[in-house]
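Letter by letter, the chains look like this.
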Amino acid sequence: MDKLAIFGGTPVRTDKISYGRQCIDEDDIAAVSEVLRSPFLTCGPKIDELEKKLCEITSAKHAVAVSNGTAALHIACMAIGIKPGDEVIVSSITFAASSNCVLYCGGTPVFADIRPDTYNIDVEDVKRKITAKTKAIVAVDFTGQAVELDELKKICKEHNLYLIEDAAHSIGTKYNGKPVGSVADITTFSFHPVKTVTAGEGGACMTNDDELYKKLSLARTHGITKNPELMERESEGPWYYEQVDLGYNYRITDFQAALLLSQLNKLEKFSNRRKEIRKMYDAAFSEMPELFVQKQIPESDTTQHLYILRLNPDKLKCTRREFFDAFAAEGFGPQVHYIPVYWHPYYEKLGYKKGLCPVAEATYEQIISIPFYPALTDADVEDTIKAIKKVTEYYRK
Ligand SMILES: Cc1ncc(COP(=O)(O)O)c(C=O)c1O
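Because the structure is a prediction, the values reported are computed rather than measured.

The rules we used
Residues numbered from 1 in each chain as written. Predicted model: local features only at pLDDT ≥ 70, side-chain atom pairs only at ≥ 80, totals over all residues. Heavy atoms only, no water. Helix = DSSP H or I, 4+ residues; strand = E, 2+ residues; numbered from the N terminus. Buried < 20%, exposed > 50% of the residue type's maximum accessible area, 1.4 Å probe, protein only. Contact = heavy atoms within 4.5 Å. Areas by Shrake-Rupley, 256 points an atom, 1.4 Å probe, with all protein chains shown as cover. Lys, Arg positive; Asp, Glu negative; His and termini not counted. Charge placed at Lys NZ, Arg CZ, Asp CG, Glu CD. Domains from an automatic or database assignment. Buried area = accessible area lost by both parts, 1.4 Å probe. Salt bridge = Lys/Arg side-chain N within 4 Å of Asp/Glu carboxyl O. Polar contact = N/O pair within 3.5 Å; in protein donor to acceptor, adjacent residues only side chain to side chain. Near = heavy atom within 4 Å. 1 Å grid on protein atoms, 1.4 Å probe; cavity = no way out; pocket = protein on both sides within 12 Å on 5 of 7 lines; lining within 4 Å. Sits in = over half its atoms within 2 Å of the grid points. Nonpolar A, V, L, I, M, F, W, Y, C, P; charged D, E, K, R; others polar.

What follows covers the overall build of the protein. A count of helical and extended segments in the protein gives 13 helices and 17 strands. If you line up the protein on its principal axes, its C-alpha atoms span 80 × 55 × 40 Å. Split into buried and exposed, the 397 residues of the protein put 58% on the buried side. Sequence-distant contacts in the protein: of pairs separated by 6 or more residues, those separated by 24 or more amount to 72%. Summed over its atoms, the accessible surface of the protein is roughly 17400 Å², and 52% of this surface lies on carbon and sulfur atoms. Mean positive and mean negative side-chain charge positions of the protein (49 and 56 charges, respectively) differ by 3 Å.

The next thing to look at is the environment of isoleucine 186. With respect to the secondary-structure elements, isoleucine 186 resides in strand S9 (residues 186-190). Taking the relative accessible area as the measure of exposure, isoleucine 186 reaches 0% and is therefore buried. Sequence separation between isoleucine 186 and aspartate 209 is 23 residues, and the spatial gap between their C-alpha atoms is 8.4 Å. In this structure, isoleucine 186 is in contact with Ala76, Ala79, Ile80, Leu163, Ile164, Glu165, Cys205, Met206, Thr207, Leu212 and Leu216, ignoring residues within four places of it in sequence.

With that out of the way, let us pick up the domain arrangement of the protein. Each assigned domain of the protein is listed with its residue range as follows: domain 1 (5-21 + 267-395) and domain 2 (26-264). Between domain 1 and domain 2, the C-alpha centre-to-centre distance is 27 Å. Taken together, the 38 residues of domain 1 in the interface contact 41 residues of domain 2. A buried area of about 3400 Å², summed over both sides, lies between domain 1 and domain 2, and 60% of it is on carbon and sulfur atoms. Counting the surface domain 1 buries against domain 2, the share from its top three residues, Leu267, His305 and Tyr338, is 21%. Taken together, domain 1 and domain 2 are joined by 0 salt bridges. Connecting domain 1 to domain 2 are 24 residue pairs in polar contact (both at pLDDT 80 or more). Those elements that place two or more of their residues in the side of domain 1 that touches domain 2 are helix H9 (267-285), strand S14 (300-301), strand S15 (307-311), helix H11 (345-349) and helix H12 (358-364).

Our focus in this paragraph is the site of the ligand. By nearness alone, 16 residues border the ligand, and Gly69, Thr70, Asp166, His169 and Ser190 come closest of all. Here serine 190 contributes a side-chain N or O atom positioned 2.7 Å from an oxygen atom of the ligand. In the model, an oxygen atom of the ligand is placed 3.0 Å from a nitrogen or oxygen of the tyrosine 338 side chain. In isolation the ligand has 380 Å² of accessible area, and contact with the protein removes 91% of it. Here the ligand occupies the second largest pocket. Counting residues per element, the ones that place at least two in the shell around the ligand are helix H3 (69-79) and helix H4 (97-104). When residues in the shell around the ligand are grouped by element, the largest group, 3 residues, is from H3. Residue classes in the shell around the ligand are distributed as 6 nonpolar, 8 polar and 2 charged.

Right, here's the structure in full:
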């Protein structure tokens, strides 16, 4: 193998294959164009259509489509009544939105550690972190793999807690045969471009609970309703509506909904390709002692969102930064998912200290996300493997 590109060798690729990207085709473009030519850009029929489709796909009773996954998490915390003094147990390796939603409501995020093999929330640590103030758990299906939903639901039942499943990564995943979206009290999705299906920006809350559904719907639209059942006064006429609570404008537009509907038609195809790519990567990397591949629990039939490699410091003489830079120089755009949330300066100022979740912290120092999206060709995947092997060989102890 030739010299690493970072030291003047020939790179495996020159086109910077990114760790993730959207897959948009002519059908998607046509679906958006159709809405742009229609009378409704927002508050139109595509929203209902989208919500029905999400319910169909997930088997959930209700869907509330919103402007992004962060908004979905915020209204989920509002709907379950998070308020100052309440504690919510949150995964420590995740995007900040998973715990910011608790702060938006005045609650206190309590970070639970992760499992060293799946990188999902550690159920035993969740149990240790429950206090009299705990109101809910926000568990993230990290990289698309479902969290241990049966165990978490059992804990929630025992302690009278709500379970919010942050499924930003996991649309299309099934847990014990049940689609993600139909199991937790509220499941939230994100439809950001790197996710499995995209609306540009978009999100949704799924629930089987009628009362939570009403609260989610109100919170999405200023707390305003036209539903006579929710209004406090007699209607004054067809124009009449009431604000009965304080909510936000978290609506998604009809052209975003149209894009997402078109993308959802391809969910199975995307999911299958993601599974194929994971198999190719797993086959290449699981035999390499220098690297750990993410463990899959048998309960999760995973639509993989990200592919993460963990470096084995006993077998490699480089830092994660050196490995990352060398791989990037070979023509790739890796990423790191994620910095432990409470390490961010904002959280540090709130009083969170390093050392809270040792497994999450050690994992963060060793992980790297490599290219993973359905449009990757087999040749792209093979080049990615070649580059990872080249870097690994160079830095092998
Ligand atoms: C785990 C997780 N939760 C929540 C979000 C927030 O979603 P959005 O970017 O749609 O607001 C993201 C998005 O990156 C995420 O990865």
